[in-house]
Amino acid sequence: MRKILAHWIEETLACFAVDRRVVDVRLGLKAVGVKLDDGTCGVAYRFTKDASCDDISRLGHESLAGRKASELLTWLRTENSLQRSVGLAVANALISPDLLKASANVKIVNGDVLSAIEIPTSERIAMIGYFEPMVDKIRKRCALEIYEFNTSMAPELRESSAAPEGLKRCDIALITSTTIVNGTIDRLLEAATDCREVVMLGPSTPLVPEAFAGTPVTLLSGVVVVDNEILRVVSEGGGMRRFKPYVRKVNIRLN
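Residues numbered from 1 in each chain as written. Predicted model: local features only at pLDDT ≥ 70, side-chain atom pairs only at ≥ 80, totals over all residues. Heavy atoms only, no water.

Draft legend 1. Highlighting the overall build of the chain. A count of helical and extended segments in the chain gives 11 helices and 11 strands. Projected onto its principal axes, the C-alpha coordinates of the chain cover approximately 55 × 40 × 40 Å. Taken across its 255 residues, the chain has 53% of its residues classed as buried. Counted over contacts in the chain with a minimum sequence separation of 6, partners at least 24 positions apart contribute 59%. On the chain, roughly 12100 Å² of surface is accessible, and the fraction owed to carbon and sulfur atoms is 50%. Both charge centroids of the chain, one from 33 positive and one from 32 negative side chains, sit 3 Å from each other. (Helix = DSSP H or I, 4+ residues; strand = E, 2+ residues; numbered from the N terminus. Buried < 20%, exposed > 50% of the residue type's maximum accessible area, 1.4 Å probe, protein only. Contact = heavy atoms within 4.5 Å. Areas by Shrake-Rupley, 256 points an atom, 1.4 Å probe, with all protein chains shown as cover. Lys, Arg positive; Asp, Glu negative; His and termini not counted. Charge placed at Lys NZ, Arg CZ, Asp CG, Glu CD.)

This is how it looks when you write it as structure tokens:
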């Protein structure tokens, strides 16, 4: 039986974390930002429910800055979603542009995810997580069902609990990588086994092709931080819309 995805991400990146230390951690309202001692940064989504004193206290009383990257990377496997956000941000910081360029057989295509996939009018798309800027563009091409934890965000959103059944009916799955943080990703990938295209989407996406071997994922669509000023945006409570000047959108085809 395949290990859960979080374990694969950690194991794949463990060798790159050995000599790295965390020098800055930002716990924003919508995201977590991490900077390593080599100057690279990574971000990951933070659920607002994790803003309680109890959740923050679980991070410990010692400063996160100065700790080994390998230590915080293991937080991907914890039961606390705020710790998982920190662990995923560390993972994304370890995936530097230089590392991606050095990876064998990795073809990076810059730009929006819709430029990286084909969407025939006859197919159905299931979107896990509400990516508002993409919705109208997709609906002009084909049928779209959107599954979201917070259904009050927009009309016609379906309960996220129904997502596994929806994935079984679709041809293309667009899955937010925040599902790694909330621990639902493995069940969703299992449900998406028969989809023609399965995309991991959003700034939380770990661009580590090796970690997704044995899954139905066909495309990783995430970001590479190009300006560490993004940490200020995280501290000010900003999310993806304010990240745009500080990141480059990239797509990596897996198969």
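Draft legend 2. How the structure looks around the sheet that holds strand 4 (residues 108-110). Spatially, 4-11-10-9-8-5-6-7 is the arrangement adopted by the 8 strands of the open sheet, whose pairing is mixed. Sheet topology places strand 4 and strand 7 (157-159) at the edges, where each strand pairs with a single neighbour. In this sheet, neighbouring strand axes are inclined to one another by 25° on average, regardless of whether the strands run parallel or antiparallel. Taken together, the 5 bridges between strand 5 (residues 124-128) and strand 6 (residues 143-148) define a ladder with parallel strand orientation. From the neighbouring strand, A126 faces strand 6, where its bridge partner is E145. Most of the contacts of helix 6 (residues 132-139) go to strand 6, to which it runs at about 155°, and overall it touches strand 5, strand 6, strand 8 (172-176) and strand 9 (197-201). (Pairing = 2+ DSSP bridges. Axes fitted to C-alpha atoms, helices over the stretch in contact; angles between N-to-C directions.)

Draft legend 3. Layout of the pairing of strand 11 (residues 247-253). Summarising the sheet, strand 4 and strand 11 pair through 3 bridges and their orientation is antiparallel. The residue bridging N110 from the neighbouring strand is V250, located in strand 11.

Draft legend 4. Quick peek at the environment of G239. Relative to the helices and strands, G239 is located in the loop between helix 10 (230-235) and helix 11 (240-243). As a C-alpha pair, G239 and W8 span 231 residues in sequence and 26 Å in three-dimensional space.

Draft legend 5. Broad picture of unusual backbone geometry. A positive phi angle, near 65°, is found at E156, a position not held by glycine. Note on placement: E156 falls in the loop between strand 6 and strand 7.

Draft legend 6. Up close: the pattern of salt bridges. As enumerated under the stated definition, the model contains 17 salt bridges in all. Where D38 meets R20, a salt bridge forms, and the shortest distance between an N and an O atom there is 4.0 Å. Taken together, the residues D38 in the loop between strand 2 (31-36) and strand 3 (41-45) and R20 in the loop between helix 1 (5-17) and strand 1 (22-27) connect sequence positions 18 residues apart. Between E145 and R158 there is a salt bridge, with its nearest N and O atoms 3.6 Å apart. (Salt bridge = Lys/Arg side-chain N within 4 Å of Asp/Glu carboxyl O.)

Draft legend 7. Just helix 6, in detail. Those residues of helix 6 that fall on the buried side of the exposure criterion are M134, V135 and I138. Projected down its long axis, helix 6 carries its buried residues within an arc of 115°, all on one side. Helix 6 presents P133, D136 and K137 as exposed residues on the side facing more than 90 degrees away from its buried surface. Check the buried side of helix 6 and you find it contacts strand 5, strand 6, strand 8 and strand 9. (Arc of directions from axis to C-beta.)

Draft legend 8. Inspection of the environment of D38 at higher detail. Given the relative accessible area of 41%, D38 is considered partly exposed. Separated by 56 residues in sequence, D38 and L94 place their C-alpha atoms 9.5 Å apart. At a separation of 2.8 Å, a polar atom in the side chain of D38 contacts the side chain of T40. (Polar contact = N/O pair within 3.5 Å; in protein donor to acceptor, adjacent residues only side chain to side chain.)

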